[in-house]
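A closer look at the structure
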Amino acid sequence: VNWFPVELHCHTKHSDGDFSPAELIEQAKIFGLKGIALTDHNTVAGWEETCSCAEKAGICVLPGVEWTTYFGHMLVLQQKDCGGWMDLQPDRIDAATADLRARGGTIGAAHPFEPGNPVGTGCHWDFSVRHWENFHYYEVMNGENPMEKVRNRKSLLAWTSLLDHGYRLTPTSGIDWHSQLNKEFSYACTYVGVPEKDCTAQGMNHAILSGRTSLTMGPLLTMEVCRESQCGGIGDVCPNGRYTFLLHLDPRRAEHWRHLDLQPREVRLVTNGGRVLFQSPCGECKLESSVMLDVQTSWCRAELWGVVRDRESLIAMTAPIYFSQT
Ligand SMILES: [Zn+2]
Ligand SMILES: [Zn+2]
């Protein structure tokens with residue numbers, strides 16, 4: 001698997017962003033990204049221009065839309081028909097997501113704990129979702145300085161609870177990119193795991209559908225499990241049992257986060273209920289660690305904790321490896 005840094009939540013002048021499509025692509029390149037998802041509010045007007053600018057710049061684009069309603073914002077990738085947002089009432093969300101999913105859309109909940117009225121009308125997630133299995137991903141980190149915000153910590157807890165209930169939702173981050181980045185701030189990026197050697201829109205989409213993501217404000221954190229000759233990676237489903245966990249930290253893209261004076265302190269393996277299964281001090285941005293553990297729970301993710309912008313914080317987190325009894 002090759003890991004590529006991407007930004008999955010971007011706006012242009014076609015909705016309320018400051019950037020033209022060409023400027024967005026240029027900014028993505030400056031920020032060291034290999035791909036973006038274009039998610040303007042309720043419009044696909046920017047798709048063509050963004051895709052043609054991106055192709056010249058060697059950046060992949062996943063075309064999408066942020067369905068923007070009074071009851072919450074929903075990210076839908078790979079689906080051009082975005083007219084349905086107007087009929088989206090809180091109790092009609094399940095029918096809408098079932099329909100979008102049947103038509104090949106990739107569906108994510110955007111910033112679910114963003115304040116609603118009067119701060120941002122409709123930003124808060126008020127949909128009564130009964131069928132979370134219709135969703136593919138959940139935006140756990142949104143905006144600048146993501147882990148300094150209570151709303152993102154709430155998203156992390158809510159997503160953890162969905163995992164506990166058996167929903168395999170892929171975690172993503174989104175700058176929710178509207179304007180120039182601030183060099184004083186931290187921003188997360190989503191690494192997508194792609195089997196091919198190049199990043200493509202199809203590869204990005206497939207990574208989200210397969211649960212192969214790792215979110216970070218700094219180094220890339222990955223994990224693998226092995227026993228005898230069987231190995232599994234992020235997003236895979238493995239039988240319960242005793243495994244050697246391999247944790248790996250890679251300081252790539254350091255020029256984009258060096259200003260944060262980021263200090264990794266501890267790696268953790270976290271499982272059902274947010275329980276810490278294993279923790280180990282870690283003092284550098286390079287780590288190769290292995291530990292043998294007996295897993296009798298249904299998921300396990302790796303987390304990197306430390307100091308970011310002088311605060312104790314989650315720095316990076318992988319999507320889970322899932323475990324099952326059979
Ligand atoms: Zn939004
Ligand atoms: Zn947005």
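See the structure shown above.
Residues numbered from 1 in each chain as written. Chains lettered and ligands numbered in written order. Predicted model: local features only at pLDDT ≥ 70, side-chain atom pairs only at ≥ 80, totals over all residues. Heavy atoms only, no water.

1. Looking at the pattern of salt bridges
Working definition: two side chains of opposite charge can pair if their charged atoms are close together. The final tally for this structure, using the stated rule, is 9 salt bridges. Here Arg 103 and Asp 99 are joined by a salt bridge, their closest N and O atoms 2.8 Å apart. On the accessibility criterion, Arg 103 (37% relative accessible area) is partly exposed. Using a relative accessible area of 38% as the deciding quantity, one classes Asp 99 as partly exposed. The shortest N-O distance in the salt bridge between Glu 148 and Arg 309 comes to 2.7 Å. One end of the pair, Glu 148, is in the loop between strand S6 (137-142) and helix H4 (150-164); the other, Arg 309, is in the loop between strand S17 (299-308) and strand S18 (311-318), and 161 residues separate them in sequence. A residue is classified by how much of its surface remains accessible, and Glu 148, at 27% relative accessible area, is partly exposed. Exposure remark for Arg 309: the relative accessible area of 21% places this residue in the partly exposed category. It is possible to trace a salt-bridge network through shared partners that takes in Glu 148, Arg 309 and Arg 311. (Salt bridge = Lys/Arg side-chain N within 4 Å of Asp/Glu carboxyl O. Buried < 20%, exposed > 50% of the residue type's maximum accessible area, 1.4 Å probe, protein only. Helix = DSSP H or I, 4+ residues; strand = E, 2+ residues; numbered from the N terminus.)

2. Focus on the coordination of the zinc ion (ligand 1)
Note on metal sites: the ideal angle is 109.5 degrees for four tetrahedral donors, and 90 or 180 degrees for six octahedral donors. Listed as protein donors to the zinc ion (ligand 1) are Glu 66 (OE), His 73 (ND1) and His 111 (NE2); their distances from the metal cover 2.0 to 2.1 Å. Expressed as a motif, the donor residue spacing for the zinc ion (ligand 1) is E-x6-H-x37-H. (Donors = N, O, S within 2.8 Å, 3.2 Å for Na, K, Ca; no water.)

3. Concerning the sheet that holds strand S16 (residues 287-295)
Reading across the sheet, the 4 strands line up as S11-S10-S13-S16 and stay open at both edges, with antiparallel pairing between neighbours. Of all strands in the sheet, those bounded by a partner on one side alone are strand S11 (230-233) and S16. The sheet shows a mean angle of 25° between the axes of neighbouring strands, taken without regard to direction. Pairing between strand S10 (residues 220-227) and S11: 4 bridges, direction antiparallel. Residue pairing in the sheet places Cys 226 in a bridge with Cys 231 of S11. (Pairing = 2+ DSSP bridges. Axes fitted to C-alpha atoms, helices over the stretch in contact; angles between N-to-C directions.)

Just distances and angles here, no functional claims.
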